[in-house]
Amino acid sequence: MNVGAFSLSPAVMVAPMAGVTDLPFRETVHDFGRVWVEGEMVSANPDLLESNESERKIAFGDEPSPRIVQLLGTVPAWMNRAASFVEECGADIIDINMGCPAKKICKTDCGSALMKNLPLADEIIRGVCGTVSVPVTLKMRTGWDSDHLNAPELARIAESAGVRLITVHGRTREQGYSGEAEYRTIREIRSAVRIPVIANGDIDSPQKAASVLDFTGADGIMVGRGALGAPWLPGRISAYLETGVDPGEPSVQEKAETVFRHLKRHLDFYGEKNGIRSFRKHLLWYLERFPGGTEAFRPLSRLSNTSELVSGLSIFLKKTF
Ligand SMILES: Cc1cc2nc3c(=O)[nH]c(=O)nc-3n(C[C@H](O)[C@H](O)[C@H](O)COP(=O)(O)O)c2cc1C
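Residues numbered from 1 in each chain as written. Predicted model: local features only at pLDDT ≥ 70, side-chain atom pairs only at ≥ 80, totals over all residues. Heavy atoms only, no water.

### With respect to the pairing of strand 7 (residues 136–143)
Burial of strand 7 is extensive: eight of the eight residues sit out of reach of the surface. Pairing between strand 7 and strand 8 (residues 165–172): six bridges, direction parallel. If you follow Gly143 over to strand 8, its bridge partner there is Thr172. A crossover connection joins strand 7 to the parallel strand 8 through helix 7 (residues 151–161); in handedness this β-α-β unit is right-handed. (Buried < 20%, exposed > 50% of the residue type's maximum accessible area, 1.4 Å probe, protein only. Helix = DSSP H or I, 4+ residues; strand = E, 2+ residues; numbered from the N terminus. Pairing = 2+ DSSP bridges. Right-handed = clockwise from strand over helix to strand, strands pointing away.)

### Let's talk about the domain arrangement of the protein chain
Under the domain assignment used here, the protein chain contains domain 1 (2–243) and domain 2 (252–320). Computed from C-alpha atoms alone, the centre-to-centre distance between domain 1 and domain 2 is 29 Å. In this complex, domain 1 contributes 19 residues to the contact, which on the side of domain 2 involves 14 residues. Of the roughly 1,500 Å² buried at the junction of domain 1 and domain 2 (both faces included), carbon and sulfur atoms supply 64%. In terms of surface lost to domain 2, no three residues of domain 1 exceed Pro24, Gly229 and Trp232, which account for 31% of the buried area on that side. (Domains from an automatic or database assignment. Contact = heavy atoms within 4.5 Å. Buried area = accessible area lost by both parts, 1.4 Å probe.)

### Some points on the pairing of strand 4 (residues 36–43)
In terms of burial, strand 4 is a largely internal element, eight of the eight residues being buried. Pairing geometry for strand 3 (residues 11–14) and strand 4, over two bridges, is parallel. Each bridged residue has a counterpart across the sheet, and for Met13 the counterpart in strand 4 is Trp36. Strand direction decides the pairing type here: strand 4 and strand 5 (residues 68–72), joined by four bridges, are parallel. Looking across to strand 5, one finds that Val42 is bridged to Leu71.

### Describing the sheet that holds strand 6 (residues 93–98)
If you walk around this closed barrel you meet the eight strands as 3-4-5-6-7-8-9-10, and the pairing is parallel. Across the sheet, the mean angle separating the axes of adjacent strands is 30° when strand polarity is ignored. Contacts from helix 1 (residues 23–30) reach strand 3 and strand 4 within the one sheet, and its direction differs from that of strand 4 by about 170°. Helix-sheet contacts for helix 6 (residues 118–131) involve strand 6 and strand 7, and the interaxial angle to strand 6 is about 170°. (Axes fitted to C-alpha atoms, helices over the stretch in contact; angles between N-to-C directions.)

### Looking at helix 1
By the criterion of burial, helix 1 is predominantly enclosed, with seven of the eight residues buried. Looking at the buried side of helix 1, the elements it contacts are strand 3, strand 4, helix 3 (52–57), helix 10 (233–243), helix 11 (252–270) and helix 12 (272–287). Measuring from the backbone nitrogen of Phe25 back to the side-chain oxygen at the start of helix 1 gives 3.1 Å, which picks out Asp22 as the cap. (Polar contact = N/O pair within 3.5 Å; in protein donor to acceptor, adjacent residues only side chain to side chain.)

### Describing the site of the ligand
Around the ligand sit 16 residues, and of these Gln70, Asn200, Asp202, Gly224 and Arg225 come closest. Between the ligand and the protein, one listed contact pairs a nitrogen atom with a side-chain N or O atom of Gln70 at 2.7 Å. One of the backbone nitrogen or oxygen atoms of Gly224 is found 2.8 Å away from an oxygen atom of the ligand. In the complex, 88% of the free accessible area of the ligand, which totals 610 Å², lies under the protein chains. Here the residues of the shell around the ligand sort into seven nonpolar, six polar and three charged. (Near = heavy atom within 4 Å. Areas by Shrake-Rupley, 256 points an atom, 1.4 Å probe, with all protein chains shown as cover. Nonpolar A, V, L, I, M, F, W, Y, C, P; charged D, E, K, R; others polar.)

### Thoughts on the pattern of salt bridges
Pairs can form between side chains of opposite charge whenever their charged atoms are close. One pass over the full model with this rule turns up 16 salt bridges. Across the pair Asp246 and Arg236 runs a salt bridge, and its minimum N-O distance is 2.7 Å. Of the two residues, Asp246 is situated in the loop between helix 10 and helix 11 and Arg236 in helix 10; the sequence distance between them amounts to ten residues. The buried category is assigned to Arg236, whose relative accessible area is 15%. (Salt bridge = Lys/Arg side-chain N within 4 Å of Asp/Glu carboxyl O.)

This is the structure:
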């Protein structure tokens, strides 16, 4: 799969996830194989664009290219300005968010609400593609609701506006994250456009990835929630798609080392006080995958000092070896 000067085969991507795909998480995913990991969405609102929060989201460290930044917004001039800004900050690919289902986002006509206003979606995409020299991609859902599965139409609009890759989450906005993702609409989009199409939704194993690729004819897949507490999964999927052999889950020891490596990166990035608090969600996702982990989480989540957390976690993880 080629997007501008970047190529990836097999094409395995990690979904942009607000509050999750920060630099420490992306680096930890990269430890397990060559995949693309999209950063957290950045608001194009000028009041938020140059904030510390956005600066943190656009921090790339030494991570490999392409560095993918997603923009959220509905005002074309703001989107153009934000696109220039993140390009200047070093983004290699700019993704436009037309998939976020959150009420507070859709109320401001951002995210998946743009799937109800294709002329505005077209204007935004055209504007961003015309403003930056890096490739622009688009992420969307299958439509607003089951009566309006207009993703193939938006995909055609995006392709003619200059978008270089489309990712589709196989759910409508109305579904949120409920029910199961459907892949028929993704298959339809694959035959509607010539640019690469990435299938997204409920892919949580190498075998599921292969079957979704087979069914949709998509050029690649994107993993979201399957990688929570399992940053090794995207690399494992990539290895399976490349060789036909599933390397399987890492050993318990390797998983434990991953938790510590991620924790260290997280604390270095956020500082101890904020970092311990914001790592809690990762800790829960990791521990849920170990027997007895949910019970162990409660006391560990109360610790507010690194050495106590590291020693508590070591004691628990050693018991599971
Ligand atoms: C915690 C979380 C945060 C998310 N944040 C974003 C986001 O910022 N931008 C976006 O386009 N999608 C976001 N999503 C949606 C995912 O990118 C993905 O499309 C969705 O989770 C479906 O894939 P999955 O079934 O593999 O999780 C988020 C999902 C989760 C669970």
